[in-house]
Every structure is written in structure tokens, then in C-alpha cells.
Amino acid sequence: MKKMKKVKNDSQPFISYIIPIFVLPILASFVGLVFYGILSSFDGFNFGSIYGILLSVIFFYVIIRGMKNAILYFIPREECYVEDENLIYRRIFLFKFIFKELRIPLLDIKNIIDKGSKIPKASTRSLVLATFFTPYERIVIETKSGKEYKIFVDADPYTFRNDDDNKFIRTYNKLKEMVIEEQNKLSLRSNFYDNYNRKR
């Protein structure tokens, strides 16, 4: 079966995540040198040295966790298309490495749900940092067999930018329309063959 036009998750500001990948290691090295200088100025093991060690550990944890999530969730391209009566989902890094791939039978899909944007607990742009720790896969595919699949990371789930949210909604609508259209084609084809076999 010929591939259909792909539905891509185009709502992610990829440049916003690619730049930190190069900047954060440099920043980590600089801060590491600063902390090393601070620690080396202490004589013995005291409260100041413990505090410095904890700060450095926390800081490096934040950087490594942010970089890991950026590479695994935010920088890769996400796409869906139909092939051989299946909905294919792929998360591809650098156009070559497939981090996640799903193959879901079209006729097994019961519903495709947009979980919607998150409601911020505080009206501050700093909440965007939280997405680096809890990537938000916003679209859920429910199947008749009882399985659920989460796809399409929302890079800005707190709706500070309405334009980005509208773009995500358009992507969701395209995906749902594509699946329903292909399901209808398969159902019509199945009904045609059933009627044909009955008449024989």
C-alpha cells in the first residue's frame, strides 16, 4: 500500500532546544571550575564544603537531565503516516536514528484524543523549564484491544503562546482526519469483498 502524506509534529521550536545542547556543556564546565575553586578554598570537611558539593551535584543533575530529555523528546522529528493498513508513528533523531516507532492497525484504533494544554499553577514563563523534566506527550491513541499509545510531544504545554497551541491543534486534526479517512476506505473495501463473496 502506498504511503500517504505524512502528518508531522511541527509545533516544536527545535532551535530552542538545539542551542542549549551546545551551550549547557560549556556552562557546566565553567560552573564546575567555579565550584572546584570554592571547594579547594575550604580547609577540611565543613558545612561550606558540604553545601558546595550539594549545589554542584544538583546543578549537574539538572543539566544532564535537561540534555537527555532534549535529545530524546524535543529535538527528534515526529511523524505519522499510513502503510499496509497500519498507522505508523516515528520519532527520528538526525533523520536517521529511530528513537520510537509504533505500528498500530488502523481498524484497531478506537479514538484519538488530544489531552489539551496544561493549566499553569503560576503565571510565569519559568514553568517552561518543567517540560525538560516531564516531557508532555499530548496525543493519546486508544485501541479496541485496550492499549493506549502516547505520541507527539508538546514543547510548550502551558499555553503561554496561543499560536503554538493552535498549530498543535491543527496537527491533531490532520492526524485524526487522516486516520478516519483511511479507516473508512478499509471498511468500504471489506464490505465490498464480503458482499462479493456472498453473491458467489
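To start, this report covers the structure provided alongside it. Quantities reported herein were computed from a predicted structural model and do not represent experimental measurements. (Residues numbered from 1 in each chain as written. Predicted model: local features only at pLDDT ≥ 70, side-chain atom pairs only at ≥ 80, totals over all residues. Heavy atoms only, no water.)

1. Considering the sheet that holds strand 7 (residues 148-154)
With antiparallel pairing, the three strands of this open sheet are ordered in space as 5-6-7. The open sheet is flanked by strand 5 (109-114) and strand 7, the only strands paired with a single partner. Averaged over all pairs of adjacent strands, the angle between strand axes in this sheet comes to 25°, irrespective of strand direction. Sheet topology note: the strand 5/strand 6 (residues 136-143) ladder contains five bridges and is antiparallel. Paired with Ile113 across the strands is Val140, a residue of strand 6. (Pairing = 2+ DSSP bridges. Helix = DSSP H or I, 4+ residues; strand = E, 2+ residues; numbered from the N terminus. Axes fitted to C-alpha atoms, helices over the stretch in contact; angles between N-to-C directions.)

2. Remarks on the pattern of salt bridges
Within this structure, the stated rule accounts for 10 salt bridges. Residue Glu137 is joined to Arg91 by a salt bridge in which the shortest nitrogen-to-oxygen separation is 2.6 Å. One end of the pair, Glu137, is in strand 6; the other, Arg91, is in strand 3 (residues 86-93), with 46 residues separating them in the sequence. Here Glu137 falls in the buried class, since its relative accessible area comes to 16%. Taking relative accessible area as the criterion, Arg91 reaches 4% and is therefore assigned buried. Measuring nitrogen to oxygen at the nearest pair gives 2.8 Å for the salt bridge that ties Asp154 to Arg138. Of the two residues, Asp154 is situated in strand 7 and Arg138 in strand 6; the sequence distance between them amounts to 16 residues. Neither Asp154 nor Arg138 differs from the other in exposure class; each is buried. When salt bridges that share partners are traced, they join Glu78, Arg91, Lys100 and Glu137 into one network. (Salt bridge = Lys/Arg side-chain N within 4 Å of Asp/Glu carboxyl O. Buried < 20%, exposed > 50% of the residue type's maximum accessible area, 1.4 Å probe, protein only.)

3. Quick notes on the sheet that holds strand 2 (residues 77-83)
The strands making up a sheet associate through hydrogen bonds between their backbones, and the pairing can be parallel or antiparallel. On the basis of which strands lie adjacent, the open sheet formed by four strands has the order 1-2-3-4 and antiparallel pairing. Looking at the sheet topology across the chains shown, the edges are occupied by strand 1 (7-8) and strand 4 (97-105). In this structure, strand 2 lies alongside strand 3, joined through seven bridges in antiparallel fashion. Looking at the pairing, Arg77 lines up with Ile92 of strand 3.

4. Observations regarding the packing of aromatic side chains
The relative placement of two aromatic rings is captured by the distance of their centres and the angle of their planes. Enumeration over the complete set of coordinates arrives at two aromatic pairs. An angle of 55° between the planes, with centres 6.1 Å apart, marks the rings of Tyr89 and Phe152 as tilted. Of this pair, Tyr89 sits in strand 3 while Phe152 sits in strand 7; the two residues are 63 residues apart in sequence, bridging distant segments of the chain. Taken as a pair, Tyr89 and Phe152 share a single burial class, namely buried. With a centroid separation of 5.3 Å and 15° between ring planes, the pair formed by Phe93 and Phe99 is classed as stacked. (Phe/Tyr/Trp six-rings, centres within 6.5 Å; stacked < 30°, edge-to-face > 60°.)

In short, the description is geometric, and any link to function would need to be established separately.
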